[in-house]
Structure formats: structure tokens, C-alpha cells
Amino acid sequence: MRDIMEAALRGHNADYIEIRVDDTDATRIIYRGRELEDIGRNRSFGGCVRALVSGGWGFVSFNDLDGLRDKVTLAVSQARLVGHEKSQLAEVPPVVDIVAPGIVNDPRNVPLAAKKRLMDEYNDIICSTPKIQTSNVVYGESDKRVIFANSRGSYIKQERIDVICRLSATARVDGDVQQASFSLGALNDFSFVESLHDQAREAAEKAVAMVSAPTAKGGAYTVILDPILAGVFTHEAFGHLSESDFVYENPQMQELMVLGKQFGGSHLNIVDGASVPGLRGSYRYDDEGTPAQKTYLIQEGVLVGRLHSQETAGKMGERPTGNARAIDYRFPPIVRMTNTYIEPGEATLEDLLEGVDEGIYVKNWYGGTTSMEMFTFSAGEAYMIRNGRVEGLLRPVVLTGNLFTTLANLDAIGNDIEFNQGGGCGKAGQMPLPVSNGSPHIRIRECVVGGR
Amino acid sequence: MTPEELLELARRRCEAAEVFVVESDETPVLFEANRLKALNTRQTTGIALRVIKDGRIGFASTTAMNEAAELLNMALDVAPFGAEARFEMPTQNGLTSVDLYDPATEALPTEDMIELGQSMIDAVRHHTPELQCEGSVRKATQTVRVLNSSGNDASYSRTTFSLSLEGTLVRGTDMLFVGDSDASCQPITDASRIVETTVRQLELAKDFAQPTSGQLPVIFSPRGAAGAIVGPLTIAFSGRTVWQGASPVGNRLGQETYDRRFSFWDDPTVPWRLGSRPIDGEGVPSRCLPLVENGVVANFLYDLQTAGLAAAKSTGSGGRALASPPTISSSCLVFSGGDASLDDMVAEVKNGLLVEQLMGAGQGNVLGGDFAGNVLLGYRIENGKVTGRVKDTMVAGNVHEALKEVAAFGNELRWVGGSLHVPPIYFARLSVSSKG
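On a predicted model such as this, the values are computed, not experimentally measured, just so you know.

Definitions and limits used
Residues numbered from 1 in each chain as written. Chains lettered and ligands numbered in written order. Predicted model: local features only at pLDDT ≥ 70, side-chain atom pairs only at ≥ 80, totals over all residues. Heavy atoms only, no water. Helix = DSSP H or I, 4+ residues; strand = E, 2+ residues; numbered from the N terminus. Rg over C-alpha atoms; globule rule 2.2 N^0.38 Å. Buried < 20%, exposed > 50% of the residue type's maximum accessible area, 1.4 Å probe, protein only. Contact = heavy atoms within 4.5 Å. Domains from an automatic or database assignment. Buried area = accessible area lost by both parts, 1.4 Å probe. Salt bridge = Lys/Arg side-chain N within 4 Å of Asp/Glu carboxyl O. Nonpolar A, V, L, I, M, F, W, Y, C, P; charged D, E, K, R; others polar. Pairing = 2+ DSSP bridges. 1 Å grid on protein atoms, 1.4 Å probe; cavity = no way out; pocket = protein on both sides within 12 Å on 5 of 7 lines; lining within 4 Å. Points joined across faces, edges and corners; volume = space filled by probe spheres on them. Polar contact = N/O pair within 3.5 Å; in protein donor to acceptor, adjacent residues only side chain to side chain. Patch = residues over 30% accessible without salt bridge, like charges linked within 9 Å, V, L, I, M, F, W, Y side chains within 5 Å. Areas by Shrake-Rupley, 256 points an atom, 1.4 Å probe, with all protein chains shown as cover. Lys, Arg positive; Asp, Glu negative; His and termini not counted. Charge placed at Lys NZ, Arg CZ, Asp CG, Glu CD. Phe/Tyr/Trp six-rings, centres within 6.5 Å; stacked < 30°, edge-to-face > 60°. Lys NZ or Arg CZ within 6 Å of the ring centre and 35° of its normal. Core = buried A, V, L, I, M, F, W, Y, C linked by side-chain atoms within 4.5 Å.

### Some details on the overall build of chain A
Right, on to step 1. The helix and strand tally for chain A stands at nine helices and 24 strands.
Right, on to step 2. Relative to the compact-globule value of 22 Å for 452 residues, chain A shows a C-alpha radius of gyration of 23 Å, a close match.
Right, on to step 3. Taking the principal axes of its C-alpha atoms as reference, chain A extends roughly 70 × 55 × 35 Å.
Right, on to step 4. Every one of the 452 residues in chain A was classed for burial, and the buried ones make up 66%.
Right, on to step 5. Sequence-distant contacts in chain A: of pairs separated by 6 or more residues, those separated by 24 or more amount to 74%.

### Brief notes about the domain arrangement of chain B
All names here are of chain B.
Right, on to step 1. According to the domain assignment, chain B consists of domain 1 (3-201) and domain 2 (207-436).
Right, on to step 2. Using only C-alpha atoms to locate each centre, domain 1 and domain 2 end up separated by 23 Å.
Right, on to step 3. Here domain 1 meets domain 2 over a buried area of about 3600 Å², counting both sides, of which 58% is carbon and sulfur.
Right, on to step 4. Together, Phe59, Arg86 and Thr96 form the three largest contributors to the area buried by domain 1 at its contact with domain 2, with a combined 14%.
Right, on to step 5. If you look at where domain 1 meets domain 2, you find six salt bridges.
Right, on to step 6. Ranked by the residues each element gives to the side of domain 1 that touches domain 2, the list is headed by strand β6 (residues 174-184), at nine residues.
Right, on to step 7. When its residues are assigned to classes, the side of domain 1 that touches domain 2 shows 22 nonpolar, 15 polar and twelve charged.

### Quick word on the sheet that holds strand β23 (residues 436-439) of chain A
All names here are of chain A.
Right, on to step 1. Pairing is mixed across the open sheet formed by six strands, whose spatial order is β11-β10-β9-β14-β23-β20. With partners counted over all chains shown, the strands left at the sheet margins are β11 (302-303) and β20 (418-420), one partner each.
Right, on to step 2. Examined bridge by bridge, strand β10 (residues 294-299) and β11 share two bridges and lie antiparallel to one another. Paired with Ile298 across the strands is Leu303, a residue of β11.

### Notes on the layout of surface pockets
All names here are of chain A.
Right, on to step 1. Its volume calculated, the second largest pocket comes out at about 390 Å³.
Right, on to step 2. Considering the residues around the second largest pocket, the lining is formed by 20 residues, among which Phe182, Leu184, Ile228, Asn364 and Glu418 are closest to the centre.
Right, on to step 3. Ranked by residues supplied to the lining of the second largest pocket, first place goes to strand β7 (residues 176-187) with four residues.
Right, on to step 4. Looking at the lining of the second largest pocket residue by residue, the class counts come to seven nonpolar, eight polar and five charged.
Right, on to step 5. Residues lining the lining of the second largest pocket come from more than one domain, with at least three contributed by each of domain 1 (2-211) and domain 2 (219-450).

### Topic: the interface of chain A and chain B
Right, on to step 1. Residue-level contacts link 82 residues of chain A with 72 residues of chain B.
Right, on to step 2. Both sides of the chain A and chain B interface together cover about 6200 Å² of buried area, and 53% of this is carbon and sulfur.
Right, on to step 3. At the boundary of chain A and chain B, one finds eight salt bridges.
Right, on to step 4. For B:Asp77, the salt bridge is made with A:Arg41, and the minimal N-O distance between the two is 2.7 Å.
Right, on to step 5. One can count 34 residue pairs in polar contact (both at pLDDT 80 or more) joining chain A with chain B.
Right, on to step 6. At eleven residues, the largest contribution of residues to the side of chain A that touches chain B is made by strand β2 (residues 35-53) of chain A.
Right, on to step 7. Its residues placed into classes, the side of chain A that touches chain B shows 30 nonpolar, 34 polar and 18 charged.

### As for a negative patch on the surface
Residues and elements named next belong to chain B.
Right, on to step 1. A surface patch of negative charge is lined by Asp339, Asp343, Asp344, Glu348 and Glu412.
Right, on to step 2. With respect to the helices, strands and loops of the structure, Glu348 is situated in helix α9 (residues 342-348).
Right, on to step 3. Exposure remark for Glu348: the relative accessible area of 58% places this residue in the exposed category.

### Some thoughts on the packing of aromatic side chains
Any aromatic ring pair is given by two values, namely how distant the centres are and how the planes are angled relative to each other.
Right, on to step 1. Taken as a whole and assessed by the stated rule, the structure comprises 17 aromatic pairs over all chains.
Right, on to step 2. A ring pair is formed by A:Tyr341 and A:Phe419, whose centres lie 5.4 Å apart and whose planes are at 70 degrees; its orientation type is edge-to-face. Taken as a pair, A:Tyr341 in strand β14 (residues 339-342) and A:Phe419 in strand β20 lie far apart in primary sequence, 78 residues in all.
Right, on to step 3. A residue is classified by how much of its surface remains accessible, and A:Tyr341, at 8% relative accessible area, is buried.
Right, on to step 4. With centroids separated by 5.3 Å and ring planes inclined at 85 degrees, the aromatic side chains of B:Phe237 and B:Phe264 adopt a geometry described as edge-to-face. In this pair, B:Phe237 sits in the loop between α6 (222-236) and α7 (239-243) while B:Phe264 sits in strand β8 (residues 264-266), placing the two residues 27 residues apart along the sequence.
Right, on to step 5. Under the relative-accessibility criterion, B:Phe237 is labelled buried at 1%.
Right, on to step 6. By way of ring pairs, the aromatic residues B:Phe237, B:Tyr258, B:Phe262, B:Phe264, B:Phe300, B:Phe335 and B:Phe409 are connected into one cluster.
Right, on to step 7. A:Lys71 extends its terminal NZ or CZ atom over the ring of A:Phe62, reaching a point 4.7 Å from the ring centre.
Right, on to step 8. The ring of A:Phe331 has B:Arg42 sitting right over it, with the charged end atom 4.7 Å from the ring centre.

### As for the side chain of A:Thr129
Residues and elements named next belong to chain A.
Right, on to step 1. By the secondary structure assignment, Thr129 is in the loop between α3 (112-127) and β5 (132-150).
Right, on to step 2. At 2.8 Å, the side chain of Thr129 and the backbone oxygen of Ile125 are in polar contact.
Right, on to step 3. Residues within four places of Thr129 in sequence aside, it is in contact with Ala204 and Val208.

### Some remarks on the sheet that holds strand β9 (residues 289-293) of chain B
All names here are of chain B.
Right, on to step 1. The strand order across the open sheet formed by six strands is β10-β9-β8-β13-β20-β19, and the pairing between neighbours is mixed. Of all the strands in the sheet, the pair left with one neighbour each is β10 (296-297) and β19 (414-416).
Right, on to step 2. Direction of pairing for strand β13 (residues 333-335) relative to strand β20 (residues 420-422): parallel, over a ladder of two bridges. Along β20, the bridge assignment pairs Val334 with His421.

### Here we look at the domain arrangement of chain A
Buried accessible area, meaning the area lost when the parts come together, often serves as the stated size of an interface.
All names here are of chain A.
Right, on to step 1. In terms of domains, chain A is made up of domain 1 (2-211) and domain 2 (219-450).
Right, on to step 2. Centre-to-centre separation of domain 1 and domain 2, based on C-alpha positions: 22 Å.
Right, on to step 3. Between domain 1 and domain 2, the contact holds 47 residues from the first and 41 residues from the second.
Right, on to step 4. Between domain 1 and domain 2, a total of about 3400 Å² is buried, with carbon and sulfur atoms accounting for 49% of that surface.
Right, on to step 5. At the boundary of domain 1 and domain 2, one finds six salt bridges.
Right, on to step 6. Residues Glu381 and Lys206 are paired through a salt bridge, measuring 3.3 Å at the closest nitrogen-oxygen approach.

### Structural notes on the environment of A:Asn63
Right, on to step 1. Within the element layout of this structure, A:Asn63 appears in the loop between β3 (56-62) and α2 (68-82).
Right, on to step 2. Residues A:Asn63 and A:Arg330, spaced 267 residues apart in sequence, show a C-alpha to C-alpha distance of 9.1 Å.
Right, on to step 3. Apart from the residues within four sequence positions on either side, A:Asn63 is in contact with A:Phe45, A:Gly46, A:Tyr329, B:Gln43, B:Thr44, B:Thr45 and B:Thr63.
Right, on to step 4. Among the polar contacts made by the side chain of A:Asn63, one reaches the main-chain carbonyl oxygen of A:Phe45 at a distance of 3.1 Å.

### With respect to the nonpolar core
Residue and element names in this part refer to chain A.
Right, on to step 1. Formed by 55 residues in total, the largest nonpolar core has its most connected members in Leu225, Phe233, Ile360 and Leu399.
Right, on to step 2. If you tally residues by element for this core, the top one is helix α5 (residues 227-238), at seven residues.
Right, on to step 3. The contacts of Leu225, once residues within four sequence positions are left out, are Ala230, Phe233, Val362, Phe377, Pro440, His441, Ile442 and Ile444.

### Quick word on the pattern of salt bridges
Right, on to step 1. Within this structure, the stated rule accounts for 60 salt bridges over all chains.
Right, on to step 2. The residue A:Glu18 makes a salt bridge to A:Arg50 at a minimum N-O spacing of 2.8 Å. Highlighted residues: A:Glu18 in strand β1 (residues 16-32) and A:Arg50 in strand β2, separated in sequence by 32 residues. A single burial state applies to A:Glu18 and to A:Arg50, both of which are buried.
Right, on to step 3. Connected through salt bridges with shared partners, the residues A:Asp23, A:Asp25, A:Arg43, A:Asp106, A:Arg108, A:Asp143, A:Arg145, A:Glu159 and B:Glu67 form a single ionic network.

### Digging into unusual backbone geometry
Right, on to step 1. The amide bond that connects A:Met431 to the next residue, A:Pro432, takes the cis arrangement and shows omega of -5 degrees.
Right, on to step 2. One non-glycine residue, A:Met372, lies in positive phi territory at about 85 degrees.
Right, on to step 3. Mapping A:Met372 onto the fold places it in the loop between β15 (358-370) and β16 (374-386).
Right, on to step 4. Notably, B:Ala33 is not glycine yet its phi reads approximately 50 degrees, a positive angle.

Rendered as C-alpha cells:
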């Protein structure tokens, strides 16, 4: 393969060219209610060429590798039609490397029958809980092998195995329907899938309890987020804004996101990094062949860094951070997060609760999205806080806010940390990209909660 | 190996088999920072095999076409663990005639697409020079073929053309997002509708209005309405949700459930629309299906397997992506309109909102019909007039509750995303929360 790729790359008149070929084997098991909905296997094989000429990009993707050189020629000619300026790409030294996946517990060694038996057990726990109407139990694994070569002489082979499991319970009383779920995941490790009985039970019991729980009254509250939801908050509310493809060609955004600007209190430290090992967003090289790093985005409340591809780094005169990622061969790499987290502080949960006369404690996640300035994310569970104590269960709530005021209103950070590994990030049609996010418990003043 | 050979091979070892083949060729022209940035070409080919072996369903797919023979082994590997098949493969029963393929789309030169996109961006920036625009002009051709062991062999091609514009205006820490999109199976040669909508948004959003809270009148533009109500309705009218007993309207068949002026259909036969199809992903011929007629729940959507489980008939709603077996999906959702103009509706509101886009409306308890989103683009209405843009505001409600009594449906229906035909909708009371 190396010979074919290198031969196809040679002798074109372009500023930069890369070829990526990926090959993925995936297996999934899906239950809805008592009925097994889908068990299937997929193979996805394909490649792409990306070329840069005078600041313009050409990109060609395909399933058939025959005539690779012609595909490179097509990408170069497309780029030439687009480009009318100077190419600015950060210099990254060429790398030749073969990265083994670092497997902890290989899901490929677990027979399909055993996987199905586990999902049967979890589904049965959910479905046999009284008042549960239906369930959704999903197991998925994908073994992805990527080969990358570029015109600077890099040649990199990487492999990763993603394992995800989602347990969701739906309760119904009269016309009222409520859902509770857990989304979990791991990189190169099947182990967590084997012991989710408690989570299955908890999801079912939560869904049933929510049906008789009251709805929060809409308005601004002091909210305390558990580590899982605080991780989603970090990703949605701040992480996306640190992706410099939103900034690098927009002078107004550059002014807004100028390094050195105060975003939060001196207790606030936010990090993104694929080099943090063993998490869903971890890897050795990104999809432009840049080595993974750990990047401080906010240090002591001050904006100190941002996430880069080679192009955004080149244009902004900053160091590439190894954050250019593509979900598969059908897409060019774009700036993405990896493992994004708030570093732990000093406070205990009791400290956070102290002095909160009326607030909401929110746990677990359902979803989240951002427009950069505004974000919304939904909690899987919510509880009223009264006089510093966590009280009754509420129906799930959606939180929303303005990034700039919310980070400033983040007034306390816990001393614990956990990572949410069950999510997938979506951007520019590329979804779900494996990422993780994490945080300690955090407290935010004046956060808008949607209600009725 | 040809699809016919694979089917024959599978038929010999299984009770029934179905082969699904999809080929597509897409050319996106992408604009960033107000100028042309990239030209892409995306060629995709894939093949999927569904078998029934010893009464159970096995499924496998691949994009490695030269290894299609391996598919049968993959499908047979999983079939012993698969769901019990509750259906038979449909026999040859023809295609519904729908206009979906226009050679003019395929023939359109890239240069014309570049010019169209650039002229759209230039026109909007002529109004607001500091607006930062991203845009895309895409054309694609897709061919789908479904053949099965009952002798059905049907295929069709669809061309698509789409145009989109996203403008961002950053002032201090304030960000305004405007834009619109349009899609058809035929070439769109005129970007003026997108330009006009975007310019109107920029005009309405020029000033800020004081935020407001409470149970208030909310008018949704077609795009706003599509974002808020379509997700919960699609889930509630899926035969799978109904069969599981999880649909809030599952036991309402034949009963008046919504406002009498409310009707909507699943219509795969609308010409030149992206959601239209002559057959579904299982080879069942398409037909227009009323879901709600004058407030009465009329039908639910079924694919073959769910229909078998629920003792119903397939409605030709087996949607399909390469990597998974058919699941219930709508084609084009067509909503009834009313007689009010948007201006009439706005004139009636003393204190409320006009919402063009809710962000994150699909989070939360969609299954129960809830929607709750941050107003990404919306305006305050005071004494019958739009007075400016609102921010930091959430709108929340329940689709099934809200549609019981609607203040008015608008007469200016629009296609949203190429497969939803939606009117402006005016709800008398929804929960609006904001700071202040």
C-alpha cells in the first residue's frame, strides 16, 4: 500500500497533497422493547485525496482505489480552479510510524453470542421493571484501520477499536412518557460492557420516577452540574468556540477570542488533548499526521490556547495542536475536539451546595448543541435544591446560556473528576466523532432553565 | 460479483434474501469567509444484503465492492441471533411514477455553481458588508436498486441540487446567525429567495428588543415550525413507536386529537422533492398517506417487519441507509396551511415572539412530544409589530398539547430542507423563559 500511495503522490504541481485510506469493521446489536431490532455487520472501505493549490482545496473520495493517481490529479485540478491566494500551512515534520492499538480487552475475542447474552440481560432488567413501556439497548463496536500518506513524506498506520453501549428505558403512565438513559463508551476495551446491570436497573427506575415528578418552573437558577453533565457543558459551551476554524478567517471573531482575555475566575482551567491516554478522544496522530498534544485552552481563567489544524495554525501563526480529524474517508479533516475537560479544584459537593437557597442539581446528559455564543444542553436528571439540600426529583430540564456570561458565572469547582465517554460530536455533517469530555462538579449562578 | 449473483447465492442458502445497492456521485462547491474555498467530489458505492435464515433476519453491508461475496458469510454469521422475520419479501408490483431525475442537474457545469454561490454571498454582503458568509452549492445523483428473492427488482435515480447560505455577524460578544437554504431535484438557478430571506432577517434583527417571559403567544416561521414540531410528530406516528405502546397518540386512531384545521400527510409522490421516492427501501410502491385529517389521527407509518409485528400493512415507509436494515422513515411531510398571512398573525399579537430558529429543540423528551430550545433567531412582537431581536430566551412546549388548539395556521407555506412543506404556525400560549 505504501508504494501505491507514494507513487500516486509523486510529481504533481501542488502545495500539499495527502491520501487517506480507511477500512472499518463494525458490529451492532439493537433492542427496542422486547424485540431485537437489528443485529448486523458492516464493512466500510474507502479512500480520499486532498490537495492544496494557492490556498484552494480539492477533495475527492471514493470506494474503489483503482486509478489512485488519476484521483490525485483530479483533486489537484479542483484545487487549482479554487486557489487564488498564497497557501499557508503550518510546517509539521514528516512522520513514518505504525501505531498498534494498545488493546486492553479486545471485543473481537468476545463471541457474538456472549455480547448478545449481555444485552439480553440488560434489556430484560429494563423491560421487567413495572411501568416500563419500552427500552432501547444498543451495543456497537468498530475496528478502524487508517493509513495516511502525504506529499511531505509522512506515512502513518493507526488502528482503534471503539466500543459503545447505550441503555435507555421509557416509562409510561396514561399518556405521559418519560425516558432515562446511560450512554457509555471506551477505546480498545470491552470490559465496561460486562457489568452494566446496575445502570440498567437505575435507568428503568429513574424513568418510572420521572413520570410522577414535577416540571421545573422556567427561569434563571443557580445550578450545580455533576461531572458528566459538566463535561458536556465544557464541550458545548466552551470547546466549540476554541476550534479555530471559526476564528482564523474572521477578524471580528479574532478580536473576541484574543489570547490573554479573561473568560472566568482564576480557579478555571480547561484542557483539550488527544495525548491524554486511554480515552475515546485519544490518538497518536491526527488525520493530517500531526502528533497529538495536550493543549491548555483556559489557564487560571485566561484564554491561552485554541485548537488547530495545519491550515488554521499556519494562517494564525500559531503552533498546530493535532486537532484535525475526519470521521471517515468521505470527509476532509476539520478542527475537532478530542478529550476536553475542566481540571479539578478544591470544593466538595457540600461546599457547592452551601448557601444555595433555591437551585437545581442536574446530572447525566441527553444532548447538547451550540451556536458559539449560545449553548443549550439537556440534563438526564434534575433535582430541586432547597436551603443547601438536594431534594425531590424533577422532570429532565434543558439549560441554556450565553458562553461569555456563563463562564464568568461559574463560581465553584469541585475536587472530583469523571469522564463522559458515551457521546459523539457532530460538526459540518461529520457525526458521531468519538470524543470524551470531563469535569468535576461545578456550580453556575444565574443559568436559564427551560420549563413550563 | 453482480447483485444478481449475490442474490442467487443467498437464495440458495436461505429462505429469502434481498439485495440493496446504492451509488451516488456528489459535487459540493464550498465557500468560506465570503469566497470559494474548496471543490469536492464524492463517489460512493455500497451493497447490503438482508437474509431470512431459519426464520431469523441477518444483515450485512459493505463498500468494498470487490468483496461482495463475503457479505453472505457476514449476514449468515449474525442471522442465528437475529430477530424473527415477520414478513415476506414483496413481489414484483411496480414503481409509482414520480419525477426525481433531471438530466439538467447532472449537466450543470461547476463554473455555474461557483458563480451562483458567489453571487448569492455578494448580494447579501452588499446589504451588510461586515457579514461573514459560508455557503455551499451541491449537486448529486443517486441510484438505488432493490432486488429480492420474490422476484421484485426495482431501481430509480434521483438528482438533487441544494444551495445554502450561513451568515455570521459578530459585534462585541454578540453573534447573529442568519441564512437560508433551498433544495430540489432540479437545478436552482436563482438565489434571490435565499438572498431576500437573509436580508429580511438582517433587517428584523437590527435592533435588540427587551426579553420577555411567561405563557406567551409564539408564531413560528415555516423553518421554525419544522425544527420544533416535526421531530416529535415523526416519532409519534412511527408504527414502531405505536406498536411498542410508547406513542402519545398510539391509541387515538380515528379520534379527534388535534385542532380541526390541522392535517398532515406523508407524501412520497411530490415531484422534484428530495424526500420523494417511487418505492421505499424494501421495494414497496409509494403512495400518499394521510397521518392526520382535520384533527383526526388517520394512519401510522409502517415498514414490512413492524407491519408484521403489529398485524398492519406496510405503508411503504421502509427508509434506508446503506449500513442498516430498513427502518420506518417519512418521505415528504406535507402540512396543511391556513388563511392567515404572517403579517396578519403578527398584527394580532400584543406581546409575544416570532421564532425563525430554535436551537437544540430536539433534545429532551422528544418521545413524549416535548420541545425546548434556545431562540437562535427570533424577534419580539409588541403591539402587533416586530420590535427587534431577542436573545437568551427559551421556548418550551409539548407538540401534542400545543396542536390541540392553534391560534392560526399561515398561508405562506414553504419547503424546508427539501422534504417538509410547512406553514407558519401561531400558538396562543407557549412557555417563554429568559433572564430579566
